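# Structural overview
The primary structure of each chain is shown beneath.
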Amino acid sequence: MNTVKSRVVLAMPVYNGANFVEQAILSILDQDYADFRLIVTDNASTDDTGDIVRALAKQDDRITYVRNRENLGASRNYNLGYDLSDSKYLKWCAHDDLLSANYLGECVVALDADEGLALAFGRTISIDTDGNRLPPVPWDTPDIDNPDAAARFEQIIDLFGRMCFPIFGLMRRSALAKTDLHPSYYGSDQALLAELALRGRWKRIEDAVLWNRDHNQRSLAIEDKLERAMWQGGSKNRMLAAEHIQLLRHLWQIGGQHGDVAAPWALRKIVLKRAVQPKQMGRYVLEATSLVSPAMARRMRGLVTRSPAQAAAQAKAQAAPPVVAPVQDTAAVPAKGSVGAA
């Protein structure tokens, strides 16, 4: 098909999203910044996703619906939205999240005002399946505004495990074009964000809100690594299931690809600094063992894995302090089918 051209393009990859996709699209159509196009790439859904999106597309010509003949895996489906778009700014959207009505407008203003920004993103508020607000997490991503590219890269890597929502911010396409996009291993969005930080600074918009829906059908609920590899890459590839090793390899590769903004030795030193941390070394050993003997890896993991009760107690006792200063939160929970400004 022809590429979708607009100053702002939103790309929504989805697979079997009939439960929430209509609400998500309506919150996009309700944006007070209306000059955009939305591409929905359906990864061969087997539920009513296609019928729902087609019906909405008949009502609003800003929506383009694309159905894949087969499930490409999440990575390729995310990248497909990029490939089918031609825009100054691009935003990926989850089929189960909602946006405050001012989200796009506030992010466009920020990016227009500062050519050095690669990404503008709102704060995140979690909601449950029914749209009820959940308790706030003790962290969120701050501005990434250090003028030094290597310092930004290190700051993002230090936030790994506590940061992923900016992947749904509004990105400057010229900066995104210099990244590897989404490779086919689970957690590759972290590397993409680290690489994007090399290409420009990030601005957090306090008045814009991403309503992130927590439910048991999201990818974060998939515990088996082979199943996660299937979700991300479209096949149960044991090598791709070695997520931490894949992330290390990819970060090392990224470290050598951006010599125009940071010295490769400086970036790879940052990667090695993280890699030699005891927790990371343990993860690499477990994954390497799993490639040779999955049974042995399970036994090793059982020796160090805490019970759910122990893990919950320790997490409560050692909750990370907020990364950003708390703000007065007056945002209302969005009603079904519409979202008010924060």
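Residue positions are counted from 1 within each chain, in the order its sequence is given. It should be noted that, the model being predicted, local features are given only for residues of pLDDT at least 70 and side-chain atom pairs only at 80 or more, the latter also being counted only at that level, while totals for whole chains, interfaces and linings use all residues. Side-chain numbers here rest on the full set of heavy atoms in the structure, without hydrogens or water.

### Quick notes on helix 2 (residues 49-59)
How we decide: Exposure classes here rest on a 1.4 Å probe applied to the protein chains alone. A residue is buried below 20% of its type maximum, exposed above 50%, and partly exposed in between. Helix and strand assignments come from DSSP, with helices taken as H or I runs of at least 4 residues and strands as E runs of at least 2, each series counted from the N terminus. Taking the helix axis as origin, the arc is that swept by the directions to the C-beta atoms. Contacts are assigned to residue pairs that have any heavy atoms within 4.5 Å of one another.
Where helix 2 is concerned, the buried positions are Thr-49, Gly-50, Ile-52, Val-53 and Leu-56. An end-on view of helix 2 places all buried positions within 165 degrees of arc, on one side of the element. Away from the buried face of helix 2 by more than 90 degrees, exposed residues Asp-51, Lys-58 and Gln-59 are located. If you follow the buried residues of helix 2, they end up packed against strand 2 (8-14), helix 1 (21-29), strand 3 (37-42) and strand 4 (63-67).

### Some details on the pairing of strand 6 (residues 89-92)
Heads up, the rule is: Any two strands with at least two DSSP bridges between them are considered paired.
Neither face of strand 6 is exposed, since Tyr-89 and Lys-91 on one face and Leu-90 and Trp-92 on the opposite face are all buried. As paired elements, strand 2 and strand 6 share four bridges and run parallel to each other. Bridge pairing links Ala-11 to Trp-92 in strand 6.

### Quick notes on the pattern of salt bridges
Basically, it comes down to this: For salt bridges, the criterion is a side-chain nitrogen of Lys or Arg within 4 Å of an Asp or Glu carboxyl oxygen.
Scanning the model with the defined rule gives 13 salt bridges in all. Here Asp-60 and Arg-62 are joined by a salt bridge, their closest N and O atoms 2.8 Å apart. For the pair shown, Asp-60 and Arg-62 are each scored as buried. Notably, a salt bridge pairs Lys-225 with Glu-287, separated by 2.6 Å at the nearest N-O pair.

### Some points on the packing of helix 1 against helix 2
The cut-off we apply is this: Helix axes are fitted only over the stretch in contact, all axes being lines through C-alpha atoms; the angle between N-to-C directions runs from 0 to 180 degrees. An angle below 35 degrees is read as roughly parallel, one above 145 as roughly antiparallel, one from 65 to 115 as roughly perpendicular, and any other as oblique. Put simply, a crossing is left-handed when the front helix is turned counterclockwise from the back one by less than a right angle, and right-handed when it is turned clockwise. Basically, the charged four are Asp, Glu, Lys and Arg, the nonpolar ten are Ala, Val, Leu, Ile, Met, Phe, Trp, Tyr, Cys and Pro, and anything else, Gly included, counts as polar.
The contact between helix 1 and helix 2 brings their axes to 10 Å, and the two run at 25 degrees. Judged by the angle between their axes, helix 1 and helix 2 are roughly parallel. In the packing of helix 1 onto helix 2, the handedness of the crossing is right-handed. Counting all contacts with helix 1, which are made through Val-21, Glu-22, Ile-25 and Leu-26, the residues of helix 2 involved are Ile-52, Val-53 and Leu-56. Of the residues assigned to the contact of helix 1 with helix 2, the class counts are six nonpolar, no polar and one charged.

### Considerations on the packing of aromatic side chains
To keep things clear, this is the line we draw: Here a pair means two rings of Phe, Tyr or Trp (six-membered ring of Trp) with centres within 6.5 Å. Their orientation is stacked below 30 degrees between planes, edge-to-face above 60, and tilted elsewhere. Put simply, a charge is over a ring when the Lys NZ or the Arg CZ is close to the ring centre, within 6 Å, and near the line of the ring normal, within 35 degrees.
Overall, the coordinates contain two aromatic pairs when judged by the stated rule. Of note, Lys-91 hangs over the ring of Tyr-103, and the distance from its end group to the ring centre comes to 5.4 Å. The cationic tip of Arg-173 hangs over the ring face of Tyr-82; the distance from NZ or CZ to the ring centre is 4.1 Å.

### So, the nonpolar core
What counts here: Only buried Ala, Val, Leu, Ile, Met, Phe, Trp, Tyr and Cys residues count toward a nonpolar core, and they belong to the same one when joined by side-chain atoms within 4.5 Å.
Ranked by internal contacts, the top residues of the largest apolar core, which has 81 residues, are Ile-25, Trp-92, Phe-153 and Trp-202. Per element, the largest residue contribution to this core is seven residues, and it comes from helix 7 (residues 188-199). Setting aside residues no more than four positions away along its own chain, Trp-92 makes contact with Ala-11, Pro-13, Tyr-78, Tyr-82, Ile-167, Phe-168, Gly-169, Met-171, Leu-176, Leu-181, His-182 and Leu-192. Ile-125, Ile-127, Val-209 and Trp-211 belong to the second-largest nonpolar core, a separate cluster that totals five residues.

### Re a nonpolar patch on the surface
What counts, and what does not: Candidate patch residues must exceed 30% relative accessible area and have no salt bridge, after which like charges are joined if within 9 Å and Val, Leu, Ile, Met, Phe, Trp or Tyr side chains if within 5 Å. Accessible areas in this description were obtained via Shrake-Rupley with a 1.4 Å probe; residue shielding takes into account the shown protein chains only.
A surface patch of nonpolar side chains, amounting to about 290 Å² of accessible area, comprises Met-239, Leu-291 and Val-292. Here Leu-291 shows up in helix 11 (residues 278-292).

### A word on the confidence of the model for the protein chain
For clarity, the cut-off: For every residue, the predictor reports its confidence as pLDDT, a number between 0 and 100.
This prediction gives the protein chain a mean pLDDT of 88; 85% of its residues lie at or above 70. Scored below 50 in pLDDT, residues 337-342 makes 22 contacts in the model with residues more than four places away or belonging to other chains.

### Comments concerning the environment of Ser-126
Looking at the element boundaries, Ser-126 is found in strand 8 (residues 117-127). Since its relative accessible area comes to 17%, Ser-126 is described here as buried. Between the C-alpha atom of Ser-126 and that of Val-209, which follows or precedes it by 83 residues, the distance is 10.0 Å. Not counting chain neighbours up to four residues away, the residues in contact with Ser-126 comprise Asn-132, Arg-133, Leu-134 and Asn-212.

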